[in-house]
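Tertiary structure, described
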There are 2 protein chains.
Amino acid sequence: MHAPGAERIAFPAALHAALAAMLGERYSSAAAVCGHHGHDESHFPDALPDAVAFPESTEEVAAIVRACAAHGVPVIAFGIGSSLEGHVLAFRGGLSVDFTRMNHVLAVNPEDLDCIVQPGVTRKQLNAALHGSGLFFPIDPGADATLGGMSATRASGTNAVRYGTMRDVVLGLTVVLADGSVIRTGGRARKSSAGYDLTRLFVGSEGTLGIMTEITLRLAPVPEAVAAAVCTFPSVNDAVQTVIQTIQMGVPVARIELLDAMMVRAINAHSKTTLAEAPTLFFEFHGSPASVKEQAQTVQELAAGNDGQDFEWAEHPEDRSRLWAARHNAYFAALALRPGARAITTDVCVPISRLADCIAAAEQDMQKSGLVRTIVGHVGDGNFHVLLLVDPENPDEIERAEAASRCIVQHALDMGGTCTGEHGIGVGKQDFLVAEHGAAVDVMRAIKRALDPANLLNPGKVVPGL
Amino acid sequence: MHAPGAERIAFPAALHAALAAMLGERYSSAAAVCGHHGHDESHFPDALPDAVAFPESTEEVAAIVRACAAHGVPVIAFGIGSSLEGHVLAFRGGLSVDFTRMNHVLAVNPEDLDCIVQPGVTRKQLNAALHGSGLFFPIDPGADATLGGMSATRASGTNAVRYGTMRDVVLGLTVVLADGSVIRTGGRARKSSAGYDLTRLFVGSEGTLGIMTEITLRLAPVPEAVAAAVCTFPSVNDAVQTVIQTIQMGVPVARIELLDAMMVRAINAHSKTTLAEAPTLFFEFHGSPASVKEQAQTVQELAAGNDGQDFEWAEHPEDRSRLWAARHNAYFAALALRPGARAITTDVCVPISRLADCIAAAEQDMQKSGLVRTIVGHVGDGNFHVLLLVDPENPDEIERAEAASRCIVQHALDMGGTCTGEHGIGVGKQDFLVAEHGAAVDVMRAIKRALDPANLLNPGKVVPGL
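Thresholds, definitions, all that
Residues numbered from 1 in each chain as written. Chains lettered and ligands numbered in written order. Predicted model: local features only at pLDDT ≥ 70, side-chain atom pairs only at ≥ 80, totals over all residues. Helix = DSSP H or I, 4+ residues; strand = E, 2+ residues; numbered from the N terminus. Rg over C-alpha atoms; globule rule 2.2 N^0.38 Å. Contact = placed C-beta atoms within 7 Å. Axes fitted to C-alpha atoms, helices over the stretch in contact; angles between N-to-C directions. Left-handed = near helix turned anticlockwise from the far one by under 90°. Nonpolar A, V, L, I, M, F, W, Y, C, P; charged D, E, K, R; others polar. Domains from an automatic or database assignment. Core = buried A, V, L, I, M, F, W, Y, C linked by C-beta atoms within 7 Å. Buried ≥ 20, exposed ≤ 12 C-beta atoms within 10 Å, placed from the backbone. Pairing = 2+ DSSP bridges. Parallel < 35°, antiparallel > 145°, perpendicular 65-115°, else oblique. Least-squares fit on C-alpha atoms with pLDDT ≥ 70 in both. Expected span 1.5 Å × (residues − 1). pLDDT = per-residue confidence, 0-100.

Right, let's talk about the overall build of chain A for a bit. Secondary structure assignment for chain A yields 17 helices and 18 strands. In terms of overall size, chain A behaves like a compact globule, its C-alpha atoms giving a radius of gyration of 22 Å where 466 residues would be expected to give roughly 23 Å. Dimensions along the principal axes, computed over C-alpha positions, put chain A at roughly 70 × 55 × 40 Å. Expressed as a percentage of contacts within chain A between residues at least 6 apart in sequence, the contacts between residues at least 24 apart total 72%.

The structure is reproduced here in structure tokens:
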């Protein structure tokens, strides 16, 4: 880990005074508030900001950034704190900008299948707001993350195999730059060749190039029919072969998730389910009733060809919800396997043809680590997570987990894959970024310097050495 | 037009000598060769480079760029010269780098639905190479453009409504930077959150940030069934209403193209077809046989509800090919309406709900211009082109066409659209870029300066004032 060992930057009293005057009760430097904002779901040690602002508009965010820039103080955007890579940690101190109060759905345009939201809107909140419109927001990372956080990390999750990632659904942004100026990128047209694709540059930039204050999102029509299924396999490899064949045949499956036996055990314990404790695939199919039936039939045949057993249907919405709730709680279920533990999580993504090889190699590395561990994956994308449970106070365990993680990433890179499919670089994966992209990281650094010369926006994240 | 009025930059004899020594017969400063490379399909006056290089490898491109950089000489990447926005014109002189000899398909990975090509491969060539693989390359801008050119302009075309644009299908790039160094962006994984999305930054950067030398592309499975249809309407508005309803219902149509009566007349004259000379939609449906039938039935019903007539089928591949060949020749057919004319082409794209309004407004502007003109559009995306035919020697006609073009763009921007859906900014649309993106253009300029401080890569394109 590139511990941003840099010392904390002084937070001047004049800045405290200016922000307090600007924001009143929506500004705090209370220990409890700073504590909440110096912490995420990663295993990294907490790192508290000096203060927290709760803006209500783009103009306020711009004024906040201008004030911080005038004092050379870092600014860190904060959604809901569900990051797994330390994105919100304030290693150098500074101001956390919490988007809780910018949580309005500003517009829904059903006829154009798009909407405009503030960054504090969570994905569940957006879907609730879309209820009855015939549309839904398809990106589902499990956690009820904010759309700002999801955009900033280029998140994806269980639906990406069919609906893409935040890269695909963010159409446009309002962004506050490092000097407090405001720009708009992209727009509501379905496509554009008008200049450099700044929207895609800010998506996934983890708050280091600018702070998003409005997000235009593409929505999807609610499918006419939805069906889910569960199937167990004698081995992870049998399950993965089923996935590979499904993708290669072009079946437009909406979700296809792998859980290893340990993860199913964890879920049963945590969610009071009674799933068979074997390698398991969860499927979901979207389309017309005929198309859903066709898809499911094809996949059932492929599963049978790989010794899949107990192909079970969940056509009722309640059954489906129970199934996916269990899947969504996987991360916390896994943590509960070892009370008090934190997870070191890998996030590699490889070309689908190499998925079985990569998982097999990862299993060896996991075994070598001797730690409690489990696998869960958005395998339709070639993306899977190894969760290695560590005692956060035990440096030896952390080192064993990190060693396993390094090996798994190296396998993925050797197979033409990426070190992170959806969690982002944050503080923990900067060495991997260099291993994966080499000299291209210098271009990233040049862009960071051009857009944030004083290195005030979420410093120490993404690009090593800044 | 931001005429890059800047004077031509001297091309030193030492650079001539160095490039001739490096490339031998693959280097030329012959007038005919320079003439061919100082010309595209736009109405802009020719602007010849001082010399042309025909590299065969990434290493050669890097060496060429290093040599030019050492002498402060511009470098302009050249695909096949089908640009409509003056992208290849060498207003300041310099070296044109022609990718004709870098036209190899380097790898096809059917199991991962991807391939790696050199930038000189054309889309038809790629599809020929994919024949028998069960896969095809779905982006089809009409012209048999190179994949380098298509990537550089973020091209799309008739299939984008279903398969996306170059933004969506370029997975990774090898890029030579302005100093001659080489980077690799993206990769073969289906998704990644590893750092800034440089792939998307270079796609659509029109050769101004770097020169692509290898392109990894996502492919699509050849659909099990394909059907095409043609339908005429009493008015353009009736046709457009059919399109809007089709998209809003979520019919996964593969192509949906509008031609006005004048364009059909032009096509009949040029392609010896006998289509009814009325506003017309061309459709194509991809999927399983059942799905194709379902889609076509839905669309036929929608068309009938808008007084569509003579819904005609083309299920045989030959009939389909004839239909689409006619559509693909639309640009040249339109030019033939007025021998010797050049076209000033608009490329606006609006949210689908505003498409009818935007086309109606454009028709008024076209009428005011008094010029021969026609409309053709990838209307499923909300994208349409007005072709205004001008005598390139007649400044009054050019001014009338440009006035109409400005009005049409302003309508599109007022409706939340973009000035260019797929052709790019080039030299002709820089004012529109500013009108559309305002202060965001300053960010584009900052990025350009960070990556190409000496302004050697296709100078005078995209970003105004450089």
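From this point, things continue past the structure.
As a further point, take the packing of helix H9 (residues 236-248) of chain B against helix H11 (residues 289-305) of chain B. For any two helices packed against each other, one specifies the inter-axial angle together with the distance between the axes. Residues and elements named next belong to chain B. Contact geometry for H9 and H11: axes closest at 9 Å, N-to-C directions at 145 degrees. As H9 runs across H11, the sense of the crossing is right-handed. Of the residues in H11, those in contact with Thr242, Gln245 and Thr246 of H9 are Val299, Leu302 and Ala303. Residues of the contact of H9 with H11, tallied by class, amount to three nonpolar, three polar and no charged.

As a further point, take the domain arrangement of chain A. Residues and elements named next belong to chain A. According to the domain assignment, chain A contains domain 1 (13-101), domain 2 (105-221), domain 3 (225-330) and domain 4 (338-437). One C-alpha centre belongs to domain 2, the other to domain 4; they are set 27 Å apart. Every contact between the two is made by twelve residues of domain 2 and, on the other side, eight residues of domain 4. By residue class, the composition of the side of domain 2 that touches domain 4 is four nonpolar, six polar and two charged.

Ranked by size, the top nonpolar core spans 311 residues in total, and within it Leu388 of chain A together with Leu388 of chain B carry the most contacts. In contact with Leu388 of chain A, other than residues within four places in its own chain, are Ala343, Ile344, Met366, Ser369, Leu371, Arg373, Ala401 and Ala404 of chain A.

This part is about the sheet that holds strand E3 (residues 75-78) of chain B. Residues and elements named next belong to chain B. Spatially, four strands are ordered E1-E2-E4-E3 in an open sheet, and the strand pairing comes out mixed. What marks the edges here is a single partner per strand, and that holds for strand E1 (27-28) and E3. Taken together, the four bridges between E3 and strand E4 (residues 95-98) define a ladder with parallel strand orientation. By the bridge assignment, Ala77 is partnered in E4 with Val97. Across the sheet, helix H1 (residues 13-23) touches E1 and strand E2 (51-53), and the angle it forms with E2 is around 30 degrees. Sheet strands in contact with helix H3 (residues 58-71) are E2, E3 and E4, and its direction is about 175 degrees off that of E4.

On the chain B side, the residues contacting the 71 residues of chain A number 71 residues. At the level of secondary structure, the elements contributing two or more residues to the side of chain A that touches chain B comprise helix H7 (166-169), strand E9 (182-186), helix H8 (198-202), helix H11 (289-305), helix H16 (430-437) and helix H17 (440-451) of chain A. Take the side of chain A that touches chain B: its biggest share by element is nine residues, from H17 of chain A. Here the residues of the side of chain A that touches chain B sort into 27 nonpolar, 28 polar and 16 charged.

Another point: the pairing of strand E5 (residues 105-109) of chain B. Sheet faces and side chains relate simply in a regular strand, where the side chains alternate between the two faces. All names here are of chain B. Relative to strand E6 (residues 114-117), E5 is paired through four bridges, and the arrangement is antiparallel. Across the sheet, Ala107 pairs through a bridge with Ile116, a residue of E6. The hairpin turn running from E5 into E6, its antiparallel successor, is four residues long, and Leu113 in that turn takes a positive phi close to 55 degrees.

Residues and elements named next belong to chain B. Helix H15 (residues 395-414) packs onto helix H14 (residues 355-369) with a crossing angle of 165 degrees between their chain directions and a minimal axis gap of 9 Å. Considering their axes alone, H14 and H15 lie roughly antiparallel with respect to each other. Seen from above, H14 lies across H15 with right-handed handedness. Two secondary-structure elements touch here, H14 through Cys358, Ala361, Ala362, Asp365, Met366, Lys368 and Ser369 and H15 through Arg400, Ala401, Ala404, Cys407, Ile408, His411 and Ala412. Among the residues making up the contact of H14 with H15, the classes are represented as nine nonpolar, two polar and three charged.

With that settled, the discussion passes to the relation of the copies chain A and chain B. Between the two copies, chain A and chain B, the superposition gives an RMSD of 0.0 Å; the rotation angle is 180 degrees and the shift along the axis is 0.0 Å. On this basis, the relationship between the two copies can be described by a two-fold rotation axis.

We now examine the sheet that holds strand E18 (residues 383-390) of chain A. Paired through their backbone hydrogen bonds, the strands of a sheet run either parallel or antiparallel. Residues and elements named next belong to chain A. Taking strand neighbours across the sheet as the criterion, the seven strands line up as E15-E12-E14-E13-E17-E18-E16 in an open arrangement whose pairing is antiparallel. With partners counted over all chains shown, the strands left at the sheet margins are strand E15 (309-314) and strand E16 (342-345), one partner each. For this sheet, the mean inter-axis angle between neighbouring strands, taken without regard to orientation, is 20 degrees. Pairing analysis gives eight bridges linking strand E12 (residues 225-232) to strand E14 (residues 280-287), with the strands arranged antiparallel. Bridge assignment links Ala229 to a residue of E14, and that residue is Phe283. The strands that helix H9 (residues 236-248) touches are strand E13 (255-259) and E14; relative to E13, the one it contacts most, it runs at about 165 degrees.

Now for helix H3 (residues 58-71) of chain A. Residue and element names in this part refer to chain A. Between the first and last C-alpha of H3 there are 20 Å, a value that for 14 residues agrees with the 20 Å anticipated at 1.5 Å per step. When H3 is considered as a whole, its buried residues turn out to be Glu60, Val61, Ala62, Ile64, Val65, Ala67 and Cys68. At the C-terminal side of H3, Gly72 shows a positive phi close to 65 degrees.

Residue and element names in this part refer to chain B. Along the chain, Leu89 falls in the loop between E3 and E4. We classify Leu89 as buried; it has 27 C-beta atoms within 10 Å. Separated by 305 residues in the primary sequence, Leu89 and Asn394 have C-alpha atoms spaced 21 Å apart. Beyond its immediate chain neighbours, meaning those up to four positions away, Leu89 contacts Gly38, Asp40, Phe44, Ala47 and Val427.

Moving on, we come to the confidence of the model for chain A. Per-chain confidence: chain A averages 94 in pLDDT, with 99% of residues scoring 70 or above. Interface confidence in the predicted complex, given as ipTM, is 0.96; pTM for the same model is 0.96.

All right, on to the environment of Met263 of chain A then. Residue and element names in this part refer to chain A. One can find Met263 in helix H10 (residues 261-271). Classification of Met263 as buried rests on a count of 28 C-beta atoms within 10 Å. Those residues within four positions of Met263 in sequence are excluded, and the remaining contacts are Ala330, Ala334, Thr374, Ile375 and Val376.

With a phi angle near 40 degrees, Asn458 of chain A is a residue other than glycine that sits in the positive phi range. By C-beta crowding, Asn458 of chain A is classed as buried, having 28 other C-beta atoms within 10 Å. In this structure, Asp307 of chain B takes a positive phi of about 65 degrees despite not being glycine. For Asp307 of chain B, a count of 14 C-beta atoms within 10 Å corresponds to the partly exposed category.

Further remarks concern the environment of His36 of chain B. Structurally, His36 of chain B can be placed in helix H2 (residues 31-37). As a C-alpha pair, His36 of chain B and Gly370 of chain B span 334 residues in sequence and 32 Å in three-dimensional space.

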